[in-house]
Amino acid sequence: MSSATTNETPPAPVEAFAQVEQAGGPLLPLRKAGLARFAERGYPTTSDEDWRFTSLKPLADLPFLPTLEPLGQALGQADIADITFGQHDVDRLVFIDGHFSSDLSIILEQPDGVTITNLSNRLSGLENEIGSLSANDENPFIALNDAFFTDGALIQIPANGSLAKPVHLVFLSTANEASQATHIRNWIEAGANAQGTIIESHLSLGQAVASTNVVTETRVSAGANLEHIKFQDQSLNAIHLASLHSELSNDARYAFHSFALGARLSRNNLRMRLAKPGIECVLNGLYMTRADQLADHHMIVDHAAPHCDSHEYFNGILDDQSRGVFHGRILVQPVAQKTDAKQTNKNLILSDNATANTKPQLEIYADDVKCTHGATIGEMDDDAIFYLRARGLDTKTARRMLMHGFAGEIVDRIQHDGVREELDQLVWNRLEGEHHLD
Amino acid sequence: MLEIKNLQAGIEDKPILKGIDLSVNAGEVHAIMGPNGSGKSTLASVLAGRDGYDVTGGEVLLQDDDLLDLAPEERAREGVFLAFQYPVEIPGVNSAYFLRSAVNEIRKHRGEEELDAMNFLKAVKAKMKELGLSEDFLKRPVNAGFSGGEKKRNEILQMAMLNPKLAVLDETDSGLDIDALRIVADGVNRLKGLDNAQVVITHYQRLLDYIVPDFVHVLYDGRIIKSGDKTLAHELEEKGYDWLIRDAA
Ligand SMILES: Nc1ncnc2c1ncn2[C@@H]1O[C@H](COP(=O)(O)OP(=O)(O)OP(=O)(O)O)[C@@H](O)[C@H]1O
Ligand SMILES: [Mg+2]
């Protein structure tokens, strides 16, 4: 790592930790260990294989100002009435800069045994759980999150239970001041045969260069069926780093949908461990970028048991000088016979200056498996445009229809009708605004 | 209806159509036959306005309008319909949505009221039944994962919904089983009227047992080297093209 020493070093995580240490609490060992790991590794650089296409310089150059206290921005229900999914019949947990807002949150009538609250409100019993699913990951951002997370969602659905309605987690970044660094930790647990839909939104209120670091650990027990929609629509100055660690049990079904629409730089690390037979895991994502945005999805699907299916579908629509990065590693362990793993990454390039980097990586150590992958990077299909024009649609409509279809492939995989319809409309509206339609 | 005069066109300096004359009147069915590579699909593409072809001479009039001046979508709105030899798969674009947009675009152009979702569904389902297409096609993306025969039937469905003045069918019979062939032919025949015309490109006489042409033309090396009535198709079936090609040379 080549770094010039300057006289004025910006506040770094190690200095900022004093306040965390002082606050103490049951998670202090986790936090200390996290800080130590981060101090050792520092921010990844592009010479790190996992970060080859994504430079974190924009973040590493900022002073480190964790939002350890609420910044005191008073918001009312009216302020968030218009957010995406704001009109849905959902339970809602709202966090502002990583701090729970009970005023803005709404939790109504969930069945017995269902827990929906903020994590710091119900830590007891979870001290040793938090961090257990993400522990094997060397990503320095998890270490940083361990050290500095302020709060996040806790969702527990008991065995055979189901959420009465979707839970919407709303993470607002006030982004009034540059360098604000928010650290969020979520813990989600679905008991045996439990069911539910979770929506996770990340939005900015201001335009400052603020960062969000969110780590989500998800445990899906035998036979459970969980749908998780992550909607990242932060300001085009934001830096968004997310990592998801899911442990799935026998015959569990987990569908994770990632919509990366906002942020100047976004990175989603997805780590799926399929260590019991019969699991069906779907990772499904859409990134739509413009200006100098970069959207990066980096996943590892670890097939460590037989008879599991994993499907990854990621489509990107890239405009201006924006970039899309996709890294999909599928690991099929020797025991994982009858694995069915499928991965596609398709990139639609709307401008000469937009780029996509895609890297599928299949490592297969079992012999009786079905694994396919495919990646495309290209412009809109001229034959398809002509086909539509030959049916009376003008070029602009044809292009819009193709783009919409391209995004629709991803949106259509959402099972929850209301969420799917709202996202479909939202994507359509965004594409309407595209200036590369004519 | 359609007047093609000495049409010459090619791709990247390579001449493909070398002077085509063809006149199609309302109410007529014309068959175009000819060996592989003779220019049949090129003619269809030039009529529909596909990019990449250079028209180097001649003209094409549709009801006295200069067709070659129009963009593909304008031609479609004026009533030109091409059933593609290779219908394009369009993943993600819902069939019902696509077809309703197309129908309404054309209705708008004709000054007709647009169809709302309900009326559209009613109309399209009736046509689908006639063509033996199952209704769940409407929910699927356009042509995506359709079998060869399904794609061809889907072209005919679109034609039936768009009700063109001039339909050009490029090997719509290829890849169809006998039953599907009859269904498709029935679909085409139902559309036949005094105010429209059909140009049917095919390699097989058997289609012409169902869609009976008023004229049969043989295209070879970018020219129509022989025209006749439906008996010409039988003759070709028996004797192949060699005798014509020899005569033409
Ligand atoms: N895009 C292209 N670039 C170069 N040559 C082309 C292109 N498209 C067609 N051709 C050539 O033009 C000629 C006519 O092709 P066309 O597809 O019109 O034939 P066809 O009569 O429809 O044949 P078939 O019966 O096999 O469908 C062929 O020699 C073909 O190779
Ligand atoms: Mg052809």
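1. Overview of the overall build of chain B
- Counting its regular elements, chain B contains nine helices and twelve strands.
- For chain B, the spread of C-alpha atoms along the three principal axes comes to 55 × 40 × 35 Å.
- Among the 249 residues that make up chain B, the fraction classed as buried is 52%.
- Long-range contacts, defined as pairs at least 24 residues apart, comprise 68% of the intrachain contacts of chain B with a sequence gap of at least 6.
- Accessible surface for chain B amounts to roughly 11200 Å². Of this, 46% is attributable to carbon and sulfur atoms.
- Charged side chains of chain B number 30 positive and 42 negative; the gap between the two group centres comes to 5 Å.

2. Structural notes on the sheet that holds strand β9 (residues 166-170) of chain B
All names here are of chain B.
- If you walk across this open sheet you meet the six strands as β6-β9-β10-β3-β11-β12, and the pairing is mixed. On the outer flanks of this sheet lie β6 (80-83) and β12 (223-228), each paired with one strand and no other. Sheet twist, expressed as the average angle between the axes of neighbouring strands with direction ignored, equals 20°.
- Bridge analysis of strand β3 (residues 29-33) against strand β11 (residues 215-220) gives four bridges, and the strand direction is parallel. Bridging from a neighbouring strand, His30 pairs with Phe215 of β11.
- Lying on the sheet, helix α1 (residues 40-48) is in contact with β3, β6, β9, β10 (197-201) and β11; it crosses β9 at an angle near 145°.
- Running over the sheet, helix α8 (residues 230-239) touches β3, β11 and β12 and is turned about 45° from β11.

3. Some thoughts on the environment of Asp186(B)
Residue and element names in this part refer to chain B.
- Its location among the elements puts Asp186 in helix α6 (residues 178-191).
- On the basis of relative accessibility, which here comes to 38%, the residue Asp186 falls in the partly exposed class.
- Between the C-alpha atom of Asp186 and that of Ala96, which follows or precedes it by 90 residues, the distance is 23 Å.

4. Considering the sheet that holds strand β6 (residues 167-173) of chain A
All names here are of chain A.
- Strand order in the open sheet formed by ten strands is β3-β2-β6-β8-β10-β12-β14-β16-β18-β20, with mixed pairing between adjacent strands. Each end of this open sheet is capped by a strand with a single partner; those strands are β3 (99-106) and β20 (370-378). Each strand axis lies, on average, 10° off the axis of its neighbour in the sheet, ignoring direction.
- Pairing between strand β2 (residues 91-96) and β6: six bridges, direction parallel. Among the inter-strand pairings, Val94 is bridged to a residue of β6, identified as Val170.
- Against the sheet, helix α7 (residues 395-411) engages β12 (253-260), β14 (280-289), β16 (309-318) and β18 (340-349), with an angle of about 150° to β16.
- Strands β8 (195-204), β10 (225-233), β12, β14 and β16 of the sheet are contacted by helix α8 (residues 417-432), whose axis makes an angle of about 25° with β10.

5. A few points about the side chain of His203(B)
All names here are of chain B.
- Along the chain, His203 falls in the loop between β10 and α7 (205-210).
- Side chain to side chain, His203 and Asn36 meet in a polar contact 3.4 Å long.
- Beyond its immediate stretch of four places on either side in the chain, His203 contacts Met33, Gly34, Pro35, Asn36, Lys40 and Glu171.

6. Describing a negative patch on the surface
- On the surface, a cluster of negative charge is contributed by Asp352(A), Glu379(A), Asp381(A), Asp382(A) and Asp51(B).
- Looking at the secondary structure, you find Asp352(A) in the loop between β18 and β19 (355-364).
- Overall, Asp352(A) belongs to the exposed group, its relative accessible area being 77%.

7. Thoughts on the interface of chain B and chain A
- Taken together, the 30 residues of chain B in the interface contact 19 residues of chain A.
- Roughly 2000 Å² of surface becomes buried between chain B and chain A when both sides are summed, with 65% attributable to carbon and sulfur atoms.
- Put simply, chain B and chain A have three salt bridges between them.
- With its nearest N and O atoms 3.2 Å apart, the salt bridge here joins Arg50(B) to Asp383(A).
- Across the contact surface, chain B and chain A share nine residue pairs in polar contact (both at pLDDT 80 or more).
- For the side of chain B that touches chain A, the elements supplying multiple residues, two or more each, are α2 (72-78), β6, β7 (90-94), α3 (95-109) and α5 (148-162) of chain B.
- Residue classes in the side of chain B that touches chain A are distributed as 20 nonpolar, five polar and five charged.

8. Comments concerning α3(B)
Residues and elements named next belong to chain B.
- If you check α3, its first and last C-alpha atoms are 21 Å apart, about what 15 residues at 1.5 Å a residue would give, namely 21 Å.
- Along α3, the positions that sit buried rather than exposed are Ser95, Ala96, Phe98, Leu99, Ser101, Ala102, Val103, Asn104, Glu105 and Ile106.
- Near the N-terminus of α3, the side chain that reaches the backbone nitrogen of Ala96, with its oxygen 3.0 Å away, is that of Asn94.

9. Examining the site of ligand 1
All names here are of chain B.
- In the region of ligand 1, 14 residues are neighbours, and Gly37, Lys40, Ser41, Thr42 and His203 sit closest.
- Measuring from an oxygen atom of ligand 1, one finds a backbone N or O atom of Gly37 at 2.9 Å.
- Measuring from an oxygen atom of ligand 1, one finds a side-chain N or O atom of Thr42 at 2.5 Å.
- When ligand 1 is considered free in solution it has 640 Å² of accessible area, and contact with the protein chains removes 63% of it.

10. Thoughts on unusual backbone geometry
Residue and element names in this part refer to chain A.
- For Ala175, which is not glycine, the phi torsion reads 50° and is therefore positive.
- With respect to the helices and strands, the residue Ala175 is situated in the loop between β6 and β7 (180-190).
- Within the chain, Asp251 stands out as a residue other than glycine whose phi angle is a positive 55°.
- In this fold, Asp251 is placed in the loop between β11 (239-248) and β12.
- Judged by relative accessible area, which is 51%, Asp251 ranks as exposed.

11. Describing the pairing of β10(B)
Residue and element names in this part refer to chain B.
- Taking burial as the measure, the five residues of β10 include five buried ones, the bulk of the element.
- Here β10 shows no split at all, with Ala197, Val199 and Ile201 on one side and Gln198 and Val200 on the other all buried.
- Both β3 and β10 contribute to a ladder of four bridges, which runs parallel. Pairing of Val29 across the sheet is with Gln198, part of β10.
- By the bridge criterion, five bridges tie β9 to β10 in an arrangement that is parallel. By the bridge assignment, Ala167 is partnered in β10 with Gln198.
- For the handedness criterion, the β-α-β arrangement of β9, α6 and β10 is classed as right-handed.

12. Description of the pattern of salt bridges
- One pass over the structure, following the stated rule, counts 36 salt bridges over all chains.
- Asp292(A) is the salt-bridge partner of Arg264(A), the closest N and O atoms lying 3.5 Å from each other. Highlighted residues: Arg264(A) in the loop between β12 and β13 (265-274) and Asp292(A) in the loop between β14 and β15 (294-303), separated in sequence by 28 residues.
- Glu112(B) is the partner of Arg107(B) in a salt bridge, and the nearest nitrogen-oxygen pair spans 3.7 Å.
- Owing to a relative accessible area of 35%, Glu112(B) belongs among the partly exposed residues under this scheme.
- Within this structure, Arg37(A), Asp146(A), Arg185(A) and Glu217(A) form a network of salt bridges that share partners.

Conventions used here
Residues numbered from 1 in each chain as written. Chains lettered and ligands numbered in written order. Predicted model: local features only at pLDDT ≥ 70, side-chain atom pairs only at ≥ 80, totals over all residues. Heavy atoms only, no water. Helix = DSSP H or I, 4+ residues; strand = E, 2+ residues; numbered from the N terminus. Buried < 20%, exposed > 50% of the residue type's maximum accessible area, 1.4 Å probe, protein only. Contact = heavy atoms within 4.5 Å. Areas by Shrake-Rupley, 256 points an atom, 1.4 Å probe, with all protein chains shown as cover. Lys, Arg positive; Asp, Glu negative; His and termini not counted. Charge placed at Lys NZ, Arg CZ, Asp CG, Glu CD. Pairing = 2+ DSSP bridges. Axes fitted to C-alpha atoms, helices over the stretch in contact; angles between N-to-C directions. Polar contact = N/O pair within 3.5 Å; in protein donor to acceptor, adjacent residues only side chain to side chain. Patch = residues over 30% accessible without salt bridge, like charges linked within 9 Å, V, L, I, M, F, W, Y side chains within 5 Å. Salt bridge = Lys/Arg side-chain N within 4 Å of Asp/Glu carboxyl O. Buried area = accessible area lost by both parts, 1.4 Å probe. Nonpolar A, V, L, I, M, F, W, Y, C, P; charged D, E, K, R; others polar. Expected span 1.5 Å × (residues − 1). Near = heavy atom within 4 Å. Right-handed = clockwise from strand over helix to strand, strands pointing away.

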